[in-house]
Each structure stands twice: as structure tokens, then as C-alpha cells.
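Residue-level listing of the chains:
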Amino acid sequence: MTEPLSFEKSRESLPGPRLPAAGLPGVDPAQVIPRARLRRNRPHLPRLSEPEVMRHFTRLAAMNYSISKNFYPLGSCTMKYNPVTNEVAASLPGFAYLHPYQPEETVQGALELMWDLERALCEIVGVDRMCLQPAAGAHGEWTGLRMIQAFHEDRGEDRSEVIVPDSAHGTNPASAALCGFKVVEVRSDAGGRVSLPDLESKLSPRTAALMLTNPNTLGLFEKEILEVADLVHSVGAKLYYDGANLNALMGICRPGDMGFDVVHLNLHKTFTTPHGGGGPGAGPVGVMKDLEQFLPRPTLERENGHFKLDFERPRSIGRVRSFYGNFGMLVRALTYILAMGADGLSQASEDAVLSANYLRTRLEGALEFPHDGPCKHEFVASARNLTAQGIHATDLAKGLLERGFYAPTIYFPLIVPEAVMVEPTETESKATLDAFTEAVLEIVQLAQTDPERLQAEPTSLPVGRLDEVAAARHPVLRWRPPAQD
Ligand SMILES: *Cc1c(COP(=O)(O)O)cnc(C)c1O
């Protein structure tokens with residue numbers, strides 16, 4: 001790194017930062033905090049002038065890569081642009097300064113917003129009710145599976161297995177395992193879709209659910225979804241929809257109409273709430289009528305135009321998060337939905353699919369395409385054609401970083417060797433897609449002519465090739481002050 005920590009830059013000759021007086025007027029801290037827990041020494045805070053602080057953080061921000069800087073084709077992550085209108089709505093004082101313990105009568109507007117969002121999301125995915133509490137996609141999966149578990153238990157059925165495709169996102173088997181299920185894998189066929197004969201052989205009275213992503217992680221629509229749904233339901237199991245990426249389907253078709261019983265969404269992907277390091281997530285989960293009684297508590301109800309939180313739900317799996325979910329994300333998602341309108345949402349999905357197919361077509365010949373197109377919102381290519389030169393998907397990714405682009409997702413899904421998973425989203429112009437194509441073509445050319453140069457990239461970024469194994473095995477997560485005596 002080329003920028004030291006603020007602690008390392010600290011100038012001891014400067015006075016320490018002026019902090020407001022600690023505590024509450026008239027309250028003895030020792031009465032609220034155990035004496036042993038009270039700090040005895042002044043904290044060692046960095047001593048810098050205001051311009052130094054400003055420059056330090058501006059330099060750090062400039063090293064960061066974000067969707068505000070350039071294209072971010074990270075497959076399966078839907079890194080679309082997050083409109084500024086969302087931020088304006090979320091920072092309205094009436095939303096931003098609410099306290100989660102405020103009495104219901106004083107937050108009717110916030111509850112109405114949650115109600116409207118729930119109704120909108122139910123309409124978009126075709127389910128009866130939705131819970132807005134889960135804080136991420138994986139959390140939504142876990143919540144959905146707990147409801148399925150409660151449903152089977154309530155009927156006195158012992159169902160211990162969840163079936164997951166070999167192309168599934170890693171959170172699917174992880175969520176199932178965390179709920180105590182045995183994970184059973186179903187194979188993809190040569191076309192990249194769930195193999196029906198293999199599915200039939202895996203389904204049994206022990207099956208609690210099949211988890212499916214559609215379009216799947218290869219960006220392909222599961223055309224036989226109605227047959228899949230019939231097979232799953234015929235053994236009394238439930239069909240779970242991993243809707244983290246709904247970007248190909250909004251306003252075009254609905255998981256509920258395909259036969260899914262439980263659906264989770266990632267507001268931080270499809271519905272433009274900030275993503276990754278940019279903010280907390282939101283993974284609402286929806287259910288059909290027969291699972292409604294198991295929804296997390298409290299549900300939101302409307303009586304005579306008045307909104308109330310209903311805690312009296314004896315069959316509920318219980319609360320899955322403190323308070324009511326990441327409320328600020330709910331404000332942003334509803335803002336996006338209302339700003340776009342039904343036509344705007346379906347246009348966004350059409351454009352996302354068009355962008356992906358345009359890019360896929362332009363890259364044909366440069367990379368391998370193990371599955372036939374057309375694709376939906378994303379596609380998976382393979383860099384296998386470059387391995388004869390000693391070049392791998394990682395090298396392609398690093399070469400893209402060198403050329404100012406974020407790298408696509410690589411080595412996922414696991415069933416494609418040297419996988420390169422690209423998701424352009426609808427918010428990119430043709431010029432950006434063309435520039436990205438040119439960068440890939442240049443890298444593929446370099447792989448043939450000067451592979452060693454490519455293996456040394458990136459050379460112009462704050463960091464070059466990192467030792468990823470050491471970073472994972474021996475992470476240094478805490479700065480310690482130099483020993484003082
Ligand atoms: C992102 C993603 C998830 C997990 O979502 P998180 O919010 O990261 O927990 C699950 N499934 C698919 C297909 C995804 O792309």
C-alpha cells in the first residue's frame with residue numbers, strides 16, 4: 001500500500017483531537033458501566049490536522065474500485081448503478097432519524113412504506129406474503145428453509161434432505177446445512193440445466209425442498225421448470241427459489257407462477273441498494289399461503305387504515321433479526337421500484353438480457369462458451385483456450401484490473417473449468433461494453449504473444465499480485481501500536 005495508516009502518520013507534536021465530553025449530564029458512568037470496564041488511560045488517537053485527515057481519506061478512496069468509478073461485470077452480483085434518488089429518499093429526516101423503539105402510532109409512515117414494499121415485491125415475484133427482516137441473501141435462504149422445516153414438522157413429517165444443483169451458489173448448500181439438513185446434489189445436463197432423470201432419482205419422501213436459481217448461475221433459463229415443480233410437489237417437497245438475481249425476470253415472469261413456494265430476493269442486487277462494502281444488505285423472503293403462518297414475527301398488518309406489528313403468531317419460526325430489517329435499504333428499494341414503475345422494471349430486465357447477449361456474442365471466438373446461448377442476464381465463458389500458454393482465468397481477471405475494469409467472477413460456477421462469469425447489467429452503455437470487449441481481446445492477444453507480461457499484471461495499481469493463500473491463512477486484521485515504554 002502506498003498510503004500509511006492514520007495512526008502511522010500521526011504527528012505527536014500536535015495536540016490530540018478535541019472530543020466532546022463523555023457521558024450524560026448528571027450520570028455517574030460507574031453506575032451504568034461496571035468499574036472494571038471503564039477506560040483508565042486516554043485512547044491513543046492519531047494526531048493530524050484536518051487537511052491531513054481529508055487528504056488521507058481522499059487518497060484511500062481513490063484507490064478503491066466501485067461502480068461509481070467504472071464497469072463492474074461481477075457475475076451473479078448484479079453490480080448495477082445505484083441511483084442517487086434512493087439516497088435522497090433514505091436521508092429524509094423522517095426516515096433517517098427514526099428510532100426502532102418508537103411507539104407504533106408515531107411511525108405509521110414508515111410502516112406504510114414497509115407495507116407498500118411488501119405488496120410490490122409480492123406482485124413482482126408472485127407470492128402471497130413477504131418478510132422484510134433478513135439482512136442478506138443467505139439470511140433469506142436460511143429463513144425460507146426454516147419455514148419449510150416448520151411446515152413439514154407441523155404435518156408430522158420427517159424430511160431431512162435438501163436437494164441443490166451442482167451449479168448452485170455456495171450459500172445454498174451452506175444455508176441448508178446450517179438448518180440441519182443433509183445436502184443432496186443434483187447434476188446439470190450437458191445443456192447446463194437440471195437433469196430431470198437425476199432429479200427424479202434424488203427425490204424421495206425424505207426430501208424437504210429443492211433449491212433452484214432460475215435463470216441458473218450459468219445465466220440459462222430452466223425451461224423445464226414446470227416439470228421440475230410437478231416432480232418436487234409429487235413427493236410432498238417444497239420448491240425454493242434463490243432470487244438473489246431477479247434481473248432477467250422483473251415484470252416478465254414470476255417465480256410464484258412457475259410453481260415456487262418460497263422466494264428470496266436480494267434488494268442489494270436487483271433493487272439498487274448499495275452493495276458489498278457499500279452498505280448493509282436486505283434479503284426479503286416470500287411465501288405462498290400454506291407457509292404464511294410460519295413467517296418470522298412480527299408481521300405487518302393493516303386494520304382500518306392503521307398499520308400494526310403482529311407479534312401474536314404462535315406458529316412463527318420467531319424473529320430472525322433485531323427490529324424490522326435494514327430499514328434504510330427498504331426505503332431505497334421502494335424508491336427504485338416507484339421511480340421505475342412496472343414498465344421501467346420490465347425495460348430494465350430486457351436491457352440487462354440484451355447487454356449480456358451483446359457482450360456474449362462479441363466475445364465469441366476470444367473465449368470458449370461451453371453452453372449454447374442465448375443467455376439471460378449473465379453468461380459463463382471459459383478461459384480454457386488460454387491454458388496452453390500457461391494463462392488462466394485469474395490472469396485474465398488481473399489483466400482487466402490493469403486496464404481499468406473490475407474483473408468478472410471467476411472459477412464459479414464450479415462445473416465450468418476456468419469459468420469467467422460476466423454480468424453487465426442494464427445500466428451500462430454500448431460504449432462501455434465495447435471498451436470492455438476491446439480489453440478482453442487485447443488480453444487474449446497478449447496471452448498468445450507475451451504471456452509472461454500478462455502474468456506480471458497488474459503493475460499500475462496500488463497493489464500487484466497478492467499472496468492470496470497467505471492473506472486467507474494468516475490475515476492481519478488488527479493494527480497494534482508500536483510497543484511503548
Ligand atoms: C449473491 C447471491 C446469493 C447470496 O446473497 P448474499 O446477500 O451475498 O448473502 C445467493 N444466491 C445467488 C445466486 C447469489 O448471486
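Going by the structure above, here's the rest.
If you're wondering where the values come from, they're calculated on a predicted model, not measured in any experiment. Starting from 1, residues in each chain are numbered consecutively following that chain's sequence as written. Given that the model is predicted, a residue must reach a pLDDT of at least 70 before its local features are reported, and side-chain atom pairs must reach 80 or more before they are shown or counted; all residues, however, enter totals for whole chains, interfaces and linings. Heavy atoms throughout the structure, all of them, feed into the side-chain values; hydrogens and water do not.

J.: Give a detailed account of empty space enclosed by the protein, specifying residues and quantitative values.
T.: The rule is simple: put a 1 Å grid over the protein atoms alone, call a set of points where a 1.4 Å probe fits but cannot get out a cavity, call an open set with protein on both sides within 12 Å along at least five of seven lines a pocket, and count a residue as lining if it has an atom within 4 Å of a point. Grid points are joined across faces, edges and corners, and a volume is the space filled by probe spheres set on the points. Going through the model one piece at a time under the given rule, you end up with three cavities of 30 Å³ or more. Of the pockets and cavities examined, the largest cavity occupies roughly 150 Å³. Lining of the largest cavity is provided by 15 residues; of these, Cys-131, Leu-132, Pro-298, Thr-299 and Leu-300 occupy positions nearest its centre. Helix and strand definitions here come from DSSP, where helices need a minimum of 4 consecutive H or I residues and strands a minimum of 2 consecutive E residues; each element is numbered from the N-terminal end. When contributions to the lining of the largest cavity are tallied by element, the ones reaching two or more residues are helix 6 (108-125), strand 1 (129-131) and strand 8 (299-303). The element best represented in the lining of the largest cavity is strand 1, accounting for three residues. Grouping the constituent residues of the lining of the largest cavity by class yields eleven nonpolar, two polar and two charged. Approximately 60 Å³ is the volume found for the second largest cavity. Around the second largest cavity, the lining residues are Leu-218, Leu-220, Arg-360, His-371, Asp-372, Cys-375, Phe-379 and Val-380. Residue composition of the lining of the second largest cavity, grouped by class: five nonpolar, one polar and two charged. When residue character is reported, Ala, Val, Leu, Ile, Met, Phe, Trp, Tyr, Cys and Pro are called nonpolar, Asp, Glu, Lys and Arg charged, and the others, Gly included, polar.

J.: Before we move on, can you summarise the site of the ligand with the specific residues and values?
T.: One heavy atom within 4 Å of a molecule or strand is enough for the residue carrying it to be called near that molecule or strand. Inspection of the region around the ligand gives 13 residues, with Ser-76, Gly-137, Asp-242, His-268 and Lys-269 positioned closest. Within the backbone of Ala-138, an N or O atom sits 2.8 Å from an oxygen atom of the ligand. Bound to the protein, the ligand loses 86% of the 380 Å² it would expose on its own. Looking at the shell around the ligand, the element that brings in the most residues is helix 7 (residues 137-154), giving three residues. As used in this structure description, the phrase polar contact means that two N or O atoms lie within 3.5 Å; if the pair is within protein, one of them must be able to donate a hydrogen and the other to accept it, and residues adjacent in sequence are counted only when both atoms belong to side chains. Surface accessibility follows the Shrake-Rupley procedure with a 1.4 Å probe radius. Residue values consider only the protein chains on display as shielding.

J.: Before we move on, can you summarise the environment of Pro-34 with the specific residues and values?
T.: Here Pro-34 is to be found in the loop between helix 2 (29-32) and helix 3 (50-63). Relative accessibility thresholds used throughout: buried, under 20% of the residue-type maximum; exposed, over 50%; partly exposed, between the two (1.4 Å probe, protein chains only). The class of Pro-34 is exposed, set by a relative accessible area of 52%. Here the alpha-carbon distance between Pro-34 and Val-420, two residues 386 residues apart in the chain, equals 54 Å.

J.: Got a sec to walk through the packing of helix 6 against helix 12 (residues 327-363)? Specific residues and values, please.
T.: Inter-axis angles, ranging from 0 to 180 degrees, are taken between N-to-C directions of lines fitted to C-alpha atoms, where helices are fitted over the stretch in contact. Where helix 6 contacts helix 12, the axes come no closer than 10 Å and their chain directions differ by 45°. Taken as axis vectors, helix 6 and helix 12 run oblique relative to one another. Every pair of crossing elements has a handedness; the one defined by helix 6 and helix 12 is left-handed. Across the interface between the two elements, Ala-110, Leu-113, Met-114, Asp-116, Leu-117, Ala-120, Leu-121 and Ile-124 of helix 6 pack against Phe-327, Leu-330, Val-331, Ala-333, Leu-334, Ile-337 and Leu-345 of helix 12. By residue class, the composition of the contact of helix 6 with helix 12 is 14 nonpolar, no polar and one charged. If an angle is under 35 degrees, it is roughly parallel; if it is over 145, roughly antiparallel; if it lies from 65 to 115, roughly perpendicular; otherwise it is oblique. Put simply, a crossing is left-handed when the front helix is turned counterclockwise from the back one by less than a right angle, and right-handed when it is turned clockwise. Any two residues whose heavy atoms approach within 4.5 Å at even a single point are treated as in contact.

J.: Kindly report on the nonpolar core, identifying the contributing residues and their values.
T.: By nonpolar core is meant a set of buried Ala, Val, Leu, Ile, Met, Phe, Trp, Tyr and Cys residues that side-chain atoms within 4.5 Å join together. Of all hydrophobic cores here, the largest spans 61 residues; its most connected members are Leu-117, Leu-121, Leu-199, Leu-210, Val-228, Leu-246 and Phe-271. Apart from the residues within four sequence positions on either side, Leu-199 is in contact with Ile-163, Val-186, Val-194, Leu-210, Val-228 and Leu-231.

J.: A description of a negative patch on the surface should follow, citing residues and the corresponding values.
T.: Excluding any residue in a salt bridge, patches collect residues exceeding 30% relative accessible area, merging like charges within 9 Å and nonpolar Val, Leu, Ile, Met, Phe, Trp and Tyr side chains within 5 Å. What counts as a salt bridge is simple: a side-chain nitrogen of Lys or Arg found within 4 Å of a carboxyl oxygen of Asp or Glu. Note that His is not counted, nor are the chain ends; the positive residues are Lys and Arg, and the negative ones are Asp and Glu. Here the site of a charge means atom NZ of a Lys, CZ of an Arg, CG of an Asp or CD of a Glu. Taken together, the side chains of Asp-189, Glu-224, Glu-227 and Asp-230 present a region of like negative charge at the surface. Mapped onto the elements, Asp-230 comes out in helix 10 (residues 225-234). The class of Asp-230 is exposed, set by a relative accessible area of 55%.

J.: Quick one: what's the story with the pairing of strand 5 (residues 238-243), residue by residue and with numbers?
T.: Within strand 5, six of the six residues are buried, leaving the element largely enclosed by the surrounding structure. With burial as the criterion, each face of strand 5 is covered, one bearing Lys-238, Tyr-240 and Asp-242 and the other bearing Leu-239, Tyr-241 and Gly-243. Clockwise travel from the first strand over the helix to the second, with the strands pointing away from the viewer, marks a crossover as right-handed. Traced from strand 4 (residues 207-212) through helix 10 to strand 5, the parallel crossover comes out right-handed. Of the pairings in the sheet, the one linking strand 5 to strand 6 (residues 262-265) comprises four bridges and is parallel in character. Residue Tyr-241 lies in a different strand from strand 6, and its bridge partner there is Val-263. A pair of strands is labelled paired if DSSP reports no fewer than 2 bridges between them.

J.: Can you explain the sheet that holds strand 2 (residues 161-165)? Please cite residues and give values.
T.: Overall, mixed pairing links the seven strands, which are arranged 1-7-6-5-4-2-3 in an open sheet. A strand with exactly one partner marks an edge of an open sheet, and here the two such strands are strand 1 and strand 3 (182-186). Between one strand axis and the next, the sheet turns by 25° as a mean value, whatever way the strands run. Where strand 1 lies against strand 7 (residues 285-287), three bridges are found, and the strand directions are antiparallel. Its bridge partner being in strand 7, Arg-129 is matched across the sheet by Val-287. Running over the sheet, helix 6 touches strand 1 and strand 6 and is turned about 120° from strand 1. Against the sheet, helix 10 contacts strand 4 and strand 5, and its axis sits at roughly 135° relative to strand 5.

J.: Before we move on, could you go through the sheet that holds strand 11 (residues 409-410) and cite the residues and values that matter?
T.: Ordered in space as 10-12-11, the three strands form an open sheet in which the pairing is antiparallel. Strand pairing shows two members of the sheet lacking a second neighbour, strand 10 (379-382) and strand 11, which therefore form its edges. Here strand 11 pairs with strand 12 (residues 419-422) via two bridges, running antiparallel. Of the residues in strand 12, the one forming a bridge with Thr-409 is Met-421.

J.: Hey, could you go over the side chain of Asp-242 for me, with residue numbers and the actual values?
T.: On the secondary structure map, Asp-242 appears in strand 5. A distance of 3.0 Å separates polar atoms of two side chains, one belonging to Asp-242 and the other to Asn-172. Apart from residues lying up to four places away in sequence, Asp-242 is in contact with Glu-141, His-169, Asn-172, Leu-212, Thr-213 and His-264.

J.: Give me the lowdown on unusual backbone geometry, citing residues and values where you can.
T.: Put simply, Arg-297 and Pro-298 share a cis peptide bond, and its omega is -15°. Along the chain, Pro-298 turns up in the loop between strand 7 and strand 8. A cis amide bond links Gly-373 with the next residue in sequence, Pro-374, at an omega value of -5°. Along the chain, the position of Pro-374 falls in the loop between helix 12 and strand 10.

J.: Break down the packing of aromatic side chains for me, citing the residues and quoting the values.
T.: For this analysis, a ring pair means two rings from Phe, Tyr or Trp (six-membered ring only for Trp) whose centres lie within 6.5 Å, classed as stacked if their planes differ by under 30 degrees, edge-to-face if by over 60, and tilted for the remaining angles. For the structure on display, the rule yields 15 aromatic pairs. Here the aromatic rings of Tyr-101 and Phe-323 are separated by 5.2 Å at their centres, their planes lie at 80°, and the arrangement is edge-to-face. Remark: Phe-323 occurs in the loop between strand 9 (306-310) and helix 12 and Tyr-101 occurs in the loop between helix 5 (93-96) and helix 6; sequence separation between them is 222 residues. Here a set of aromatic residues connected by ring pairs shows up, and it is made of Tyr-65, Tyr-72 and Tyr-406. We count a charge as sitting over a ring when the NZ of a lysine or the CZ of an arginine lies within 6 Å of the ring centre and within 35 degrees of the ring normal. Positioned over the ring face of Phe-151 is Lys-238, at 4.3 Å from the centre of the ring.

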